[in-house]
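This is what each chain is made of:
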Amino acid sequence: MAQGFDMVVIGSGPGGYVCAIRGAQLGLKVACIEREHLGGICLNWGCIPTKALLRSAEVFHLMRRAKEFGLSADKIGYDLGAVVSRSRGVAKQLAGGVGHLLKKNKVTVIMGEATLTAHGRISVKTDKGTQEVTAKNIVLATGARARELPGLEPDGDLVWNYKHALQPPRMPKKLLVIGSGAIGIEFASFFNTLGADTTVVEVMDRVLPVEDAEISALAKKQFVKQGMTILEKAAVKKLDRAKGRVTAHIETGGKTQTHEFDTVISAVGIVGNVENLGLETLGAKIDRSHVVTDEYCRTGVQGLYAIGDVAGAPWLAHKASHEGVMVAKLIAGQQPHPIKPNSIPGCTYCNPQVASVGLTEEKAKAAGHKVKVGRFPFIGNGKAIALGEPEGLIKTVFDATTGELLGAHMVGAEVTELIQGYVVGRTLETTEAELMETVFPHPTLSEMLHEATLSAYGRAIHF
Ligand SMILES: Cc1cc2nc3c(=O)[nH]c(=O)nc-3n(C[C@H](O)[C@H](O)[C@H](O)COP(=O)(O)OP(=O)(O)OC[C@H]3O[C@@H](n4cnc5c(N)ncnc54)[C@H](O)[C@@H]3O)c2cc1C
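Residues numbered from 1 in each chain as written. Predicted model: local features only at pLDDT ≥ 70, side-chain atom pairs only at ≥ 80, totals over all residues. Heavy atoms only, no water.

(A) Summary view of the environment of Leu149. Residue placement: Leu149 occurs in the loop between strand 7 (144-146) and strand 8 (159-160). Relative accessible area serves as the criterion here: at 32%, Leu149 is assigned to the partly exposed category. Considered as a pair, Leu149 and Glu434 are 285 residues apart in the sequence and their alpha carbons are 48 Å apart. (Helix = DSSP H or I, 4+ residues; strand = E, 2+ residues; numbered from the N terminus. Buried < 20%, exposed > 50% of the residue type's maximum accessible area, 1.4 Å probe, protein only.)

Below is the structure:
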């Protein structure tokens, strides 16, 4: 007989496992089905292992700067295998933690591949055969995978996707990274810091194209200073693969040139895992590989929800988790607030780090806002100088009429931690007046959040 649940979550990434736990905490009988690893892409192949790799690169970079800090360090080097095995160990530890949390919250975990067979019915292919499950509510949290462009398909040897790049078979000498979104630029930063001669090709007019233009430009300046070659408005048209070498045909300004590399990382976006789920049977709509949902993650099919990467951009773990909690509350009979897209922060852990929330200056103007813009450079902050991190910028965009904080954009050390100050501000619908009244501790990088607000109104003290 089929096992019955109030809510079945398909996928155990940061969307799925958080949804399952919150649902169980709210008194629902919950199952979570996972075909591969608990924790999904984020813990196993995304957010966490990349940050572990980048931390090794950061420490290496600092060790090379030892003299600046009055220290000495000889024979600085690295063992790529050990760097990777630390990253895999961190991922394993956290994925194990997810299993523990699901158990603690009495969520039934079913390891297997789920397919929807009818309304409220799921068939799960497990190692031990097929298991039938029924559910009053089903939450799709099946995530996404790397997009593959024709001719640029990863092969694991010369051309890598993110999974290959996370456990590289060798250290690239001459590396081409296709795509300068968060995933591409983080890998570029990691391998470049460890000494790979790195070229980044971006089809849009600037690196990190979703960021504020000023922030992209400053980040690019630092990447170039660190030795990266950045090609913007450029497209990789073809890769000719030979033994140990790839010839890339790169088109810029109407001309195609060939460049040789020993390794290519393809980071050209992701596509949702919508296949073989039985969605067609139920009539759920799919648009360009993502399940179409409303602001409450409802698919339009009674009792069927989609959250996280499978439900579309922004493809971020915290967006997935937030949607997971919202849907669990909805199913448990509560009335949650829908997520506000302009209050979802984005963080990129390259060197220098980049972080943002809300509207860029360009988008705020395009949306009809009269804006006041504040800027505060890291060079004006005592803690940044003490840390040896004087390069960077915090930019704020306020509505000139209402004082609403429309957006904040940052590049520099630890900005991925700083951005949350403004995110809380946006959730509280803060204005410039409250931010100005807030006391910031000294000496901290966070003082720049204050100064970048003051600057928008001509009142910055330290610059
Ligand atoms: C290299 C890289 C770095 C990243 N870094 C960051 C970062 O720093 N910060 C950030 O916010 N985001 C980052 N992301 C994005 C982040 O990983 C995703 O946004 C997040 O994992 C999405 O969560 P999810 O729950 O929607 O799906 P996923 O984490 O993709 O989980 C989906 C799960 O569903 C399972 N599944 C799929 N189909 C089925 C089925 N039919 N039956 C059973 N199980 C199924 C899959 O096996 C998978 O475990 C990164 C991604 C990558 C690739």
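Having seen it, we continue.
(B) How the structure looks around the domain arrangement of the chain. Domain annotation of the chain identifies domain 1 (3-146 + 271-341), domain 2 (159-268) and domain 3 (352-456). Placing the centre of domain 1 and that of domain 2 at their C-alpha centroids yields a distance of 28 Å. Listed per partner, the contact involves 21 residues of domain 1 and 15 residues of domain 2. Buried surface at the junction of domain 1 and domain 2, both sides included, amounts to about 1,600 Å², of which 74% is carbon and sulfur. The tally of links from domain 1 across to domain 2 stands at two salt bridges. Applying the counting criterion to the domain 1 and domain 2 interface returns two residue pairs in polar contact (both at pLDDT 80 or more). Considering only residue class, the side of domain 1 that touches domain 2 consists of 13 nonpolar, three polar and five charged. (Domains from an automatic or database assignment. Contact = heavy atoms within 4.5 Å. Buried area = accessible area lost by both parts, 1.4 Å probe. Salt bridge = Lys/Arg side-chain N within 4 Å of Asp/Glu carboxyl O. Polar contact = N/O pair within 3.5 Å; in protein donor to acceptor, adjacent residues only side chain to side chain. Nonpolar A, V, L, I, M, F, W, Y, C, P; charged D, E, K, R; others polar.)

(C) Representation of the sheet that holds strand 14 (residues 255-261) in the model. Overall, antiparallel pairing links the three strands, which are arranged 12-13-14 in an open sheet. Two strands bound the open sheet, and with one partner strand each, they are strand 12 (234-242) and strand 14. Within the sheet, the average angular offset between the axes of one strand and its neighbour, ignoring direction, is 25°. Relative to strand 14, strand 13 (residues 245-252) runs antiparallel, the two being bridged by seven bridges. (Pairing = 2+ DSSP bridges. Axes fitted to C-alpha atoms, helices over the stretch in contact; angles between N-to-C directions.)

(D) Inspection of the side chain of His450 at higher detail. Note that His450 resides in helix 14 (residues 447-456). For His450, a relative accessible area of 19% puts it in the buried group.

(E) Structural detail: the UniProt feature "binding site: NAD(+)" (unreviewed entry) in the chain. This chain's UniProt record puts "binding site: NAD(+)" (unreviewed entry) on Gly179, Ser180, Gly181, Ala182, Ile183, Gly184, Ile185, Glu186, Glu202 and Gly269. Of the residues just listed, which span 91 residues, no C-alpha pair is farther apart than 13.9 Å, and they cluster in one region. Structurally, Ser180 can be placed in the loop between strand 9 (174-178) and helix 6 (182-193). Among the polar contacts listed, one links the side chain of Ser180 to the side chain of Glu202, at a separation of 2.7 Å. Checked against the element boundaries, Gly269 lands in the loop between strand 15 (263-266) and strand 16 (270-272). (UniProt positions renumbered as here; feature names shortened; annotations may be inferred.)

(F) Region of the structure containing the site of the ligand. Around the ligand, a shell composed of 38 residues is seen, among which Gly15, Glu34, Lys51, Asp309 and Ala317 lie nearest. In this structure, an oxygen atom belonging to the ligand sits 3.3 Å away from a main-chain N or O atom of Cys42. Note that an oxygen atom of the ligand is positioned 3.2 Å from one of the backbone N or O atoms of Leu316. In isolation the ligand exposes 990 Å². Once the protein is present, 95% of that is buried. If you list the elements that add at least two residues to the shell around the ligand, you get strand 2 (30-34), helix 2 (40-45), helix 3 (47-64), strand 4 (113-118) and helix 9 (317-331). It is helix 2 that contributes the most residues to the shell around the ligand, four residues altogether. Among the residues making up the shell around the ligand, the classes are represented as 18 nonpolar, 14 polar and six charged. (Near = heavy atom within 4 Å. Areas by Shrake-Rupley, 256 points an atom, 1.4 Å probe, with all protein chains shown as cover.)

(G) View of the pattern of salt bridges. Inspection of the entire model under this criterion finds 25 salt bridges. Salt-bridge contacts for Glu113 lead to Arg35; the nearest nitrogen and oxygen are separated by 3.1 Å. With Glu113 in strand 4 and Arg35 in the loop between strand 2 and helix 2, the pair connects residues that are 78 residues apart, well separated along the chain. The class of Glu113 is partly exposed, set by a relative accessible area of 33%.

(H) Geometry of the sheet that holds strand 24 (residues 405-411). With respect to topology, five strands assemble into an open sheet ordered 20-21-24-23-22, the strand pairing being antiparallel. Of all strands in the sheet, those with a lone pairing partner are strand 20 (346-348) and strand 22 (371-377), marking the two edges. In this sheet, neighbouring strand axes are inclined to one another by 10° on average, regardless of whether the strands run parallel or antiparallel. Where strand 22 meets strand 23 (residues 393-399), seven bridges bridge the pair, whose relative direction is antiparallel. Looking at strand 23, one finds that Phe376 is bridged to Ile394.

(I) Quick peek at the nonpolar core. Core analysis: the biggest nonpolar cluster contains 35 residues, and Phe187, Phe190, Phe191, Phe223 and Ile265 have the highest contact counts within it. Counting only elements with at least two residues in this core, the list comes to helix 3, helix 4 (80-104), helix 5 (162-166), strand 9, helix 6 and helix 7 (213-225). Sorting elements by how many residues they give to this core places helix 6 first, with five residues. In contact with Phe223, not counting residues within four places along its chain, are Ile185, Leu208, Met228, Ile230, Cys350, Asn351 and Pro352. Among the nonpolar cores identified, the runner-up in size contains 28 residues, and Val9, Ala24, Cys32 and Val139 belong to it. (Core = buried A, V, L, I, M, F, W, Y, C linked by side-chain atoms within 4.5 Å.)

(J) Broad picture of the packing of helix 1 (residues 16-25) against helix 9. Interhelical geometry of helix 1 versus helix 9 gives an angle of 30° and a closest axis separation of 8 Å. Considering the angle they form, helix 1 stands roughly parallel to helix 9. By crossing handedness, the relation of helix 1 to helix 9 is classed as right-handed. Of the residues in helix 9, those in contact with Val18, Cys19, Arg22 and Gly23 of helix 1 are Ser321, Gly324, Val325, Val327 and Ala328. Across the contact of helix 1 with helix 9, the residue classes break down as five nonpolar, three polar and one charged. (Parallel < 35°, antiparallel > 145°, perpendicular 65-115°, else oblique. Left-handed = near helix turned anticlockwise from the far one by under 90°.)

(K) Spotlight on the pairing of strand 1 (residues 3-10). Most of strand 1 sits inside the fold, with six of its eight residues counted as buried. Taken together, the seven bridges between strand 1 and strand 6 (residues 129-140) define a ladder with parallel strand orientation. By the bridge assignment, Gln3 is partnered in strand 6 with Val133. Note: strand 1 against strand 2, four bridges, orientation parallel.

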